[in-house]
Number of protein chains: 2
Amino acid sequence: MNPRYTIGLDYGTNSVRALVVDVANGKEVASAVWGYAHGVEGVILSRDPNLARQHPADYVRGAEVTIRRALASARKSVRGFEAGQIVGIGVDTTGSTPLPVDSKGQPLAFRRNFANNPAAMAWLWKDHTSVAEAAEITAAARQWRPHYLAKCGGIYSSEWFWSKILHCLRTAPAVFNASHSWVELADYVPAVLSGTEAPDQFTAGVCAAGHKAMWNANWDGYPDAEFLSKLDPKLGSLRKRLTTRIATVDKSVGGLTPQWARKLGLTAGIPIAAGAFDAHLGAIGAGIAPGALVKIIGTSTCDITVVPNTAQLADVPGLCGIVDGSVLPGHFGLEAGQSAVGDIFNWFVNYIQPGGKAGTHEALTAGAAKLKPGESGLLALDWNNGNRTILVDQRLTGLMLGQTLYTTPAEIYRALIEATAFGALTIINRFEEYGVKIKQVLNCGGIAEKNPVVMQIYADVTGRPMKISRSAQTCALGAAVAAAVASGVYGNFSAAQRKMTGIKPTVFKPNAKAHGVYKQLYALYRRLHDAFGLGEDHGRLDDVMKQLIEIRNRARR
Amino acid sequence: MNPRYTIGLDYGTNSVRALVVDVANGKEVASAVWGYAHGVEGVILSRDPNLARQHPADYVRGAEVTIRRALASARKSVRGFEAGQIVGIGVDTTGSTPLPVDSKGQPLAFRRNFANNPAAMAWLWKDHTSVAEAAEITAAARQWRPHYLAKCGGIYSSEWFWSKILHCLRTAPAVFNASHSWVELADYVPAVLSGTEAPDQFTAGVCAAGHKAMWNANWDGYPDAEFLSKLDPKLGSLRKRLTTRIATVDKSVGGLTPQWARKLGLTAGIPIAAGAFDAHLGAIGAGIAPGALVKIIGTSTCDITVVPNTAQLADVPGLCGIVDGSVLPGHFGLEAGQSAVGDIFNWFVNYIQPGGKAGTHEALTAGAAKLKPGESGLLALDWNNGNRTILVDQRLTGLMLGQTLYTTPAEIYRALIEATAFGALTIINRFEEYGVKIKQVLNCGGIAEKNPVVMQIYADVTGRPMKISRSAQTCALGAAVAAAVASGVYGNFSAAQRKMTGIKPTVFKPNAKAHGVYKQLYALYRRLHDAFGLGEDHGRLDDVMKQLIEIRNRARR
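Residues numbered from 1 in each chain as written. Chains lettered and ligands numbered in written order. Predicted model: local features only at pLDDT ≥ 70, side-chain atom pairs only at ≥ 80, totals over all residues. Heavy atoms only, no water.

### Section: the overall build of chain A
Along its length, chain A carries 20 helices and 21 strands. In terms of C-alpha radius of gyration, chain A reaches 24 Å, essentially the compact-globule figure of 24 Å for 557 residues. Overall size of chain A, expressed as C-alpha extent along the three principal axes, is 70 × 60 × 50 Å. When burial is assessed residue by residue, chain A has 63% of its 557 residues classed as buried. Across chain A, contacts joining residues at least 24 apart in sequence account for 72% of those joining residues at least 6 apart. The distance from the centre of the 58 positive side-chain charges to the centre of the 45 negative ones in chain A is 5 Å. (Helix = DSSP H or I, 4+ residues; strand = E, 2+ residues; numbered from the N terminus. Rg over C-alpha atoms; globule rule 2.2 N^0.38 Å. Buried < 20%, exposed > 50% of the residue type's maximum accessible area, 1.4 Å probe, protein only. Contact = heavy atoms within 4.5 Å. Lys, Arg positive; Asp, Glu negative; His and termini not counted. Charge placed at Lys NZ, Arg CZ, Asp CG, Glu CD.)

### Looking at the relation of the copies chain A and chain B
The transformation that overlays chain A on chain B combines an axial shift of 0.0 Å with a rotation of 180°, and the residual RMSD is 0.1 Å. In short, the pair behaves as if placed about a two-fold rotation axis. The fraction of interface residues of chain A whose copies in chain B are also interface residues reaches 100%, indicating that both copies meet through the same surface. (Least-squares fit on C-alpha atoms with pLDDT ≥ 70 in both.)

### Structural notes on the pattern of salt bridges
Summed over all chains, the structure comprises 42 salt bridges over all chains. Residues participating in the shared-partner salt-bridge network are A:E64, A:R68 and A:K263. (Salt bridge = Lys/Arg side-chain N within 4 Å of Asp/Glu carboxyl O.)

### So, the environment of A:A134
All names here are of chain A. One can find A134 in helix α2 (residues 131–144). With 275 residues separating them in the primary sequence, A134 and P409 have C-alpha atoms 39 Å apart. Dropping the residues within four chain positions of it, A134 is found in contact with Y156, S157, S158 and S163.

### Points about the interface of chain A and chain B
Contacts between chain A and chain B engage 49 residues on the former and 49 residues on the latter. Note on chain A versus chain B: buried area summed over both sides is about 4200 Å², and carbon and sulfur give 61% of it. Counting every contact that joins chain A to chain B gives four salt bridges. Residue B:K546 pairs with A:D393 through a salt bridge whose shortest N-O separation is 2.4 Å. The tally of links from chain A across to chain B stands at 19 residue pairs in polar contact (both at pLDDT 80 or more). Secondary structure elements with two or more residues in the side of chain A that touches chain B: α12 (342–352), β19 (398–403), α14 (409–433), α19 (512–533) and α20 (544–556) of chain A. Among the elements that make up the side of chain A that touches chain B, the one with the highest residue count is β19(A) (six residues). Residues of the side of chain A that touches chain B, tallied by class, amount to 24 nonpolar, 16 polar and nine charged. (Buried area = accessible area lost by both parts, 1.4 Å probe. Polar contact = N/O pair within 3.5 Å; in protein donor to acceptor, adjacent residues only side chain to side chain. Nonpolar A, V, L, I, M, F, W, Y, C, P; charged D, E, K, R; others polar.)

### So, a negative patch on the surface
Together, A:E536, A:D537, B:E536 and B:D537 line one region of the surface with negative charge. In this fold, B:E536 is placed in the loop between α19 (512–533) and α20 (544–556). Using a relative accessible area of 47% as the deciding quantity, one classes B:E536 as partly exposed. (Patch = residues over 30% accessible without salt bridge, like charges linked within 9 Å, V, L, I, M, F, W, Y side chains within 5 Å. Areas by Shrake-Rupley, 256 points an atom, 1.4 Å probe, with all protein chains shown as cover.)

### A look at the packing of helix α17 (residues 474–486) of chain B against helix α18 (residues 493–500) of chain B
Residues and elements named next belong to chain B. As a packed pair, α17 and α18 sit with axes 10 Å apart at the nearest point and diverge in direction by 130°. Here α17 is positioned oblique relative to α18, judged by the angle of their axes. For α17 against α18, the interelement crossing comes out right-handed. On α18, the residues touching L477, A480, V481, A482, A484 and V485 of α17 are F493, A496, Q497 and M500. Of the residues assigned to the contact of α17 with α18, the class counts are nine nonpolar, one polar and no charged. (Axes fitted to C-alpha atoms, helices over the stretch in contact; angles between N-to-C directions. Parallel < 35°, antiparallel > 145°, perpendicular 65-115°, else oblique. Left-handed = near helix turned anticlockwise from the far one by under 90°.)

### A look at the packing of aromatic side chains
Note on aromatic pairs: each is described by the distance of the centres and the angle between the planes. Residue and element names in this part refer to chain A. Scanning all chains against the criterion turns up 36 aromatic pairs over all chains. Ring centres of F161 and W162 lie 5.2 Å apart, and the angle between their planes is 85°; on these two criteria the pair is classed as edge-to-face. Residue F161 shares its accessibility class with W162, and that shared class is buried. Taken together through their ring pairs, the aromatic side chains of Y11, W34, Y36 and Y59 make up a single cluster. Note that R53 overlies the ring of W123, its terminal NZ or CZ placed 3.5 Å from the centroid. (Phe/Tyr/Trp six-rings, centres within 6.5 Å; stacked < 30°, edge-to-face > 60°. Lys NZ or Arg CZ within 6 Å of the ring centre and 35° of its normal.)

### Some details on unusual backbone geometry
Residues and elements named next belong to chain B. Note that the residue after G95, namely S96, is joined by a cis bond; omega there is 0°. Structurally, S96 is set in the loop between β5 (86–93) and β6 (98–101). Here the residue pair T389 and I390 is connected by a cis peptide bond, since its omega of 15° sits within 30 degrees of zero. Tracing the sequence through the fold places I390 in the loop between β18 (379–381) and β19 (398–403).

### Considering the pairing of strand β16 (residues 321–324) of chain B
Regular strands place their side chains on alternate faces of the sheet. In this structure, β16(B) lies alongside strand β17 (residues 331–338) of chain B, joined through four bridges in antiparallel fashion. Opposite B:D324, over in β17(B), you have B:F332 as the bridge partner. (Pairing = 2+ DSSP bridges.)

### Brief notes about helix α16 (residues 452–462) of chain B
Residues and elements named next belong to chain B. With nine of its eleven residues buried, α16 lies for the most part within the structure. By the burial criterion, the buried members of α16 are V453, V454, M455, I457, Y458, A459, D460, V461 and T462. Where α16 starts, the residue carrying a side-chain oxygen 3.1 Å from the main-chain nitrogen of V453 turns out to be N451. Just downstream of α16 lies G463, where phi reads positive at about 70°.

### As for the nonpolar core
Of all hydrophobic cores here, the largest spans 148 residues; its most connected members are A:F532 and B:F532. Apart from residues no more than four positions distant in its own chain, B:F532 is found in contact with A:L401, A:L528, A:F532, A:L541, A:D542, A:V544, A:M545, B:W383, B:L396 and B:L399. (Core = buried A, V, L, I, M, F, W, Y, C linked by side-chain atoms within 4.5 Å.)

### Digging into the environment of B:A289
Residue and element names in this part refer to chain B. Note that A289 resides in the loop between α11 (278–286) and β14 (292–297). Using a relative accessible area of 27% as the deciding quantity, one classes A289 as partly exposed. Along the sequence, A289 and Q440 sit 151 residues apart, while their C-alpha atoms lie 9.7 Å from each other.

### Some details on the sheet that holds β19(B)
Sheet strands pair via backbone hydrogen bonds, and the direction of the pair is either parallel or antiparallel. Spatial strand order, β18(A)-β19(A)-β19(B)-β18(B): four strands in an open sheet with antiparallel pairing. Two strands bound the open sheet, and with one partner strand each, they are β18 (379–381) of chain A together with β18 of chain B. Shown here is a sheet whose adjacent strand axes are inclined to one another by a mean of 10°, direction ignored. Bridge count for β18(B) against β19(B) is three bridges, and the pairing is antiparallel. Bridging from a neighbouring strand, B:L381 pairs with B:L399 of β19(B). Running at roughly 55° to β19(B), α20(B) makes contact with β18 and β19 of chain A together with β18 and β19 of chain B of the sheet.

### Here's the deal with the sheet that holds strand β17 (residues 331–338) of chain A
Residue and element names in this part refer to chain A. Taken together, the six strands give an open sheet; going across it, the order is β16-β17-β15-β14-β20-β21, and neighbouring strands pair in mixed fashion. Of all the strands in the sheet, just β16 (321–324) and β21 (466–468) have a single pairing partner and so form its edges. When strand polarity is set aside, the average angle formed by the axes of neighbouring strands in this sheet is 25°. In terms of strand pairing, strand β20 (residues 440–444) meets β21 through three bridges, oriented parallel. Each residue of the ladder has a partner; that of N443, found in β21, is I468.

### Observations regarding the side chain of B:D58
All names here are of chain B. Among the secondary structure elements, D58 is positioned in helix α1 (residues 56–77). Notably, D58 is buried but unbridged: the nearest opposite-charge side chain belongs to R61, and the N-O separation is 5.6 Å. A polar contact is formed between the side chain of D58 and the backbone nitrogen of A37, at a distance of 3.3 Å. D58 has contacts with W34, Y36, A37 and H38, leaving out every residue within four places of it along the chain.

### Topic: the confidence of the model for chain A
With 100% of its residues at a pLDDT of at least 70, chain A reaches an overall mean of 95. Across the interfaces of the predicted complex, the ipTM metric reaches 0.91, alongside a pTM of 0.92. (pLDDT = per-residue confidence, 0-100.)

### So, the state of the cysteines
Under the definition given, this model contains zero disulfides over all chains. As a non-bridged cysteine, A:C475 has A:C444 as the owner of its nearest cysteine sulfur, 6.7 Å distant. (Disulfide = S-S within 2.5 Å.)

### Side note on the side chain of B:H280
Residue and element names in this part refer to chain B. Position of H280 among the secondary structure elements: in helix α11. Overall, the relative accessible area of 2% leaves H280 in the buried class. In contact with H280, not counting residues within four places along its chain, are C207, H211, I304, S326, V327 and E335.

### Quick look at the environment of A:I412
Note that A:I412 resides in helix α14. Each C-alpha atom of the pair A:I412 and A:Q259 lies 56 Å from the other, and the pair is 153 residues apart in sequence. Every residue in contact with A:I412, bar those within four places of it in the chain, is listed here: A:F348, A:L378, A:M400, A:T407 and B:I352.

Pasting the structure below:
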């Protein structure tokens, strides 16, 4: 039978990638990356360090450039490959990255008078200009709609949809007033490819709507107009202009337009899957299923699991979001995360620059690998960038204790790795405390790929095997899997994932002795975590340093 | 009138120094340093990292070499200088550094059969082989003689006299059995110069006896034989062979012998002052008096003050010792200290080696100087080598919190400096809480001499002016002052110090605004100090990181 392929389009912070995948076996036959043309590495900055925008022209051009190049590459690497074998396209993006559009669904930034106005561009996920509005929304929801907050960890973030729109309304009213509506990047790209940008055709993915815009089927979709009007009457009236068509990623939002088909050499009408965030489609690409936790480990982590939506599920406190269908259709998507993992190691290497030239990640990892658990006598909290889950508190900072006059950089590096592992275990425990059983952990992302020392420490700390995703591009692969389902190649994700995703042969298994030591260290970590993170009395701490010394002495024996 | 001079002989860990001082004005006219010939930089080591010994031959030769060279140097630098103008010699040494001697007061290490036996040598202050014996002595005293412990901070140390002798008795019985008695280095050198080594002539200084051997006039001198016999009957019978002649440093233990006079070209019979520890004579050289705290700041600190012994004085808990006459005659000498100060900065520079080549003390100090109090958001505990005062706990370790993804080496360096300043303030507060008013702070030692940034931070943290000793050799100068009093040039220390000691013109005055910020930071330091250092419940800590962020934000405004 003639092979069939799908394309996964993965919009990152600095670049976009197109991945061509064989739907029969998940083989990634070709890919192409294009760095955005605008701004600094694709991000438009200003004097305000909180501002981070992108130009929507880069999104459109990025689809064209990467798909053409990926197809050209596939023609070279696969004998007999033809673009006609592409049966669908899936899209994943950063988010919440909303952009204002006009009454035809076209970005305001495409108009000449707004072409250089950052407020008319896409407000990138990491734009932090809307801190005041986020606090205002959180306070309002706490007072009038507490159930809105229960699904997003108790605090509405400055990185999210409504905060950004409200900030635009307050600080760039000309842009807000010119906008008909606002759309997420994850929904904009599928709409462009399928020609469904116009409001009467536009479909939004449930992932972005549910995790970032407080959309929930249980309360009739987006926050009600009365609530939004309390923030600003114009926000209340905007609600009427948001789409009511909300889709999971198994659904096609429309077929590829003839214009795009011509431009790319693809078949017109092939389905375009509803878009979702990179981490959520990454979870699919890594093989997520009930009982599996997918950890996407990079500068920070995204930790995702799913629970069938027929199950009773409590509001797990401290999570980033619980959204029906945000990952797999028919399942609650549960999102947690650590505010910094690789970023902590990067801080130590790039800012502290320990050990002169011996202070590379490679050298420090090699030094850390030689140490036994507990041997350093150090214990750290992984809060250099705050704590996303389970404390949901950005105003927490790092802590390290146990330093002597002989503490080395490699010991500190290992303690930092261990701290992130303890943070990971805290998230797993939180899921299980609320009845969400984690039966396996699937890791992906750069650190999982490249650092076996980190993965072994994670196994030893958690007492669980660490599996690594077979693909190095799980987000784009997940988008390609979505396309395979949306195009009907597979009837459901379970069947598609079985064929298209998998893990590497090497599984990091916990060492029982190391796990025993880490159990003691984790108990101390939790006491520091609770003492500095929770608003509760917590008894004595004067034994912490001494217990570390005893653990150290036993490790050195 | 013909100028008169005294010699201060200062026995350090690696070398001995002779300083020739004009008694009329304290002018240091000549000095000479000689590194000990035995061991590694003067310290005899073994496979056991706790072992640190010195060969007593170095002490005798060191006196001869340095005094001869210093006199030669004086002849060059002072027109008409003659050795006959030297009117007395004072001696300060490390301690507790006891050595076993025979029935004539001669070191056992001088015998051929013991010449290479470390147990027969001097047990240097930092020898830590006697940890078990120290614990045994502490436990015994707690049970039977709690008043012994009250004068030495509640714990008898492995660095001290009885611990070392008991360890020798247990592990090198041949040496112990061959010994007639044990003497401190601080007493041995004056005895050698005055020919009073024989037991019937030997005088011990009250400084070493009181601070390290639990000698106290209130309980008839050394610990009683019954108590010592509980540890070991041989220790009980040793007590009878210890001297009952105990002297303060204003007293001469005897005149310079004709043999030594001939060897050195000095006048026979000039008084040799009773010996004392370097820090205690250093306090005199820095100008100590009631109300003054002398801080000798090096790798660690020694903090010394005096109180007239006519005053009512409580047992100040957490001090290293309270001994009548250990510094100035007629005054209680109160000794406190920080286990590491310069050593913490050295650890950061030498072990962590931050910032590549930019990680020198000079570069980090320059970077730290540019920061405002509170600006880094960091807070540290200065416990990398434990806490000597006020917690008396070597099993405490370092702690740092407030790290972000942007924390720099200079910020950490400043936080470490501030931590040692907070530790210094805690000692000052402890004195004052027990009625010992500190009216001025006199600093000496390498860091006080060389690092104005550290001194300004100390002034800002404590809210007190920091004065710096005029002399860079306060220990040797103090020994020379003692010699001036012992030889009758001055009738008392107050008169001698007025002429011979002084401070530098530059005084570091506290900045009111900086002190205001440090008051807030110190409150947080004390909460961490008490939480991790004291065995008490201590309420909540969850506001600590947030308060640091608020202080940081105000500092950056």
